[in-house]
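Structure at a glance
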Amino acid sequence: MLQIVPSLLSADFAHLAAEIERVEQGGAAMLHVDIMDGHFVPNLTMGPPVVKAIRRVTRLKLDLHFMIEDPDRYAPMFIEAGADQISVHQEACPHLDRTLRMIQSEGAKAGVVINPATPVSMIDEVLEVADFVLVMSVNPGFGGQEFIPRTLEKVRRLDRKRQELRIPLPIEIDGGINPDNVGEAARAGCDWIVTGTSIFHTPNPAAAMANMLAIARDAVPVRV
């Protein structure tokens, strides 16, 4: 099902519970939580205690995006804290199949992420293992970046591959999504569309989210 997934990286952390409540009112079913270690990407964000605090104030699914060097070590801690699903970067996992299966064995869904410069072919062998795929449409590490249009071609390739394999593999996209390009992302084949600034940096996050969801749904009947 097509979803707009608010990214908490752009929320006001001084009023995080209220921010979450606003996007719930806008129709959110899932929250995107960026976990960065300052090594894999040049930024540092939150740890398990913050995720645990988020879990206490919402029943929405928590979609954790690991931008860290050692996901095998930290995934169980974040799952215990309340993560429903965790996506890991192909670029950070030398034993990707094992990492995905470990996350699943710990009770969470496991996704695989590819950076803008990583071809889809690099994850061909795990498409039937992963629960979902996340395509980065910016270089990871910071919010508020400009969308990279060529990443939509990777979405189209993944959409064709899942049809060929006949697998129900959700495609997620993250980075630079706004009302001007959310329709393009939906038409290309995205199911979960992550956006932060375009929701939380507005006067009314609930209305902004509902508007983007309406644009995306209107675009879906026309796939390109």
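The notes below deal with the structure included here. (Residues numbered from 1 in each chain as written. Predicted model: local features only at pLDDT ≥ 70, side-chain atom pairs only at ≥ 80, totals over all residues. Heavy atoms only, no water.)

1. What about the overall build of the chain?
Here is the rule we go by: Working definition: helices are DSSP H or I runs of at least four residues, strands are E runs of at least two. Numbering for both runs from the N terminus. Every radius of gyration here is taken over C-alpha atoms, with the globule rule written as 2.2 Å times N^0.38, N being the number of residues. Burial status follows relative accessibility: with a 1.4 Å probe on protein chains alone, a residue under 20% of its type maximum counts as buried, one over 50% as exposed, and anything between as partly exposed. In this description, contact between two residues means that some pair of their heavy atoms is separated by no more than 4.5 Å. For the purpose of charge, His is not counted, nor are the chain termini; Lys and Arg are scored as positive and Asp and Glu as negative. Positions of charges follow a simple convention, taking NZ of Lys, CZ of Arg, CG of Asp or CD of Glu.
Scanning the chain from terminus to terminus reveals eight helices and eight strands. Here the C-alpha atoms of the chain give a radius of gyration of 16 Å, agreeing with the 17 Å that 2.2 N^0.38 yields for 224 residues. Expressed along its principal axes, the backbone C-alpha trace of the chain runs to roughly 45 × 40 × 30 Å. Within the span of the chain, comprising 224 residues, buried residues form 55% of the whole. Taking contacts inside the chain between residues at least 6 apart in sequence as the whole, the part at least 24 apart equals 65%. Taking the average location of the 21 positive side-chain charges in the chain and that of its 29 negative ones, the two points are 4 Å from each other.

2. Overview of the packing of helix α3 (residues 71-81) against helix α4 (residues 96-105)
We apply this condition: Only C-alpha atoms enter the line fits that serve as axes; for helices the fit covers just the stretch in contact. Angles between N-to-C directions range over 0 to 180 degrees. Each angle gets one of four labels, with under 35 degrees taken as roughly parallel, over 145 as roughly antiparallel, 65 to 115 as roughly perpendicular, and the rest as oblique. By convention the crossing between two helices is left-handed if the near helix lies anticlockwise of the far one by an angle smaller than a right angle, and right-handed if it lies clockwise.
Remark: α3 packs on α4, axes separated minimally by 10 Å, with the N-to-C direction vectors making an angle of 15 degrees. Considering their axes alone, α3 and α4 lie roughly parallel with respect to each other. Crossing of α3 over α4 shows right-handed handedness. Counting all contacts with α3, which are made through P71, D72, A75, P76 and I79, the residues of α4 involved are T99, M102 and I103.

3. Describing the sheet that holds strand β1 (residues 3-6)
Here is the rule: Should DSSP find at least two bridges between two strands, the strands are taken to pair.
Pairing is parallel across the open sheet formed by eight strands, whose spatial order is β1-β8-β7-β6-β5-β4-β3-β2. One side of each edge strand has no neighbouring strand; the edge strands of this open sheet are β1 and β2 (30-36). The mean angle between the axes of side-by-side strands here comes to 25 degrees, regardless of whether they run parallel or antiparallel. Pairing geometry for β2 and strand β3 (residues 61-67), over seven bridges, is parallel. Opposite M30, over in β3, you have K61 as the bridge partner. Packed on one face of the sheet, α4 meets β4 (85-89) and β5 (109-114) and runs near 145 degrees to β5. On the sheet, helix α8 (residues 205-219) packs against β1 and β8 (192-195) and is oriented at approximately 145 degrees with respect to β1.

4. Concerning the pairing of strand β7 (residues 171-174)
We count it as follows: Throughout, right-handed denotes a crossover for which the path from the first strand over the helix to the second runs clockwise when the strands point away from the viewer.
Residues I171 and I173 point to one face of β7 and E172 and D174 to the other, with burial holding for every one of them. Remark: the strand β6 (residues 132-136)/helix α5 (residues 151-165)/β7 crossover connection has right-handed handedness. By the bridge criterion, three bridges tie β7 to β8 in an arrangement that is parallel. Counted as the bridge partner of I173 is I193 from β8.

Purely geometric numbers; function is a separate question.
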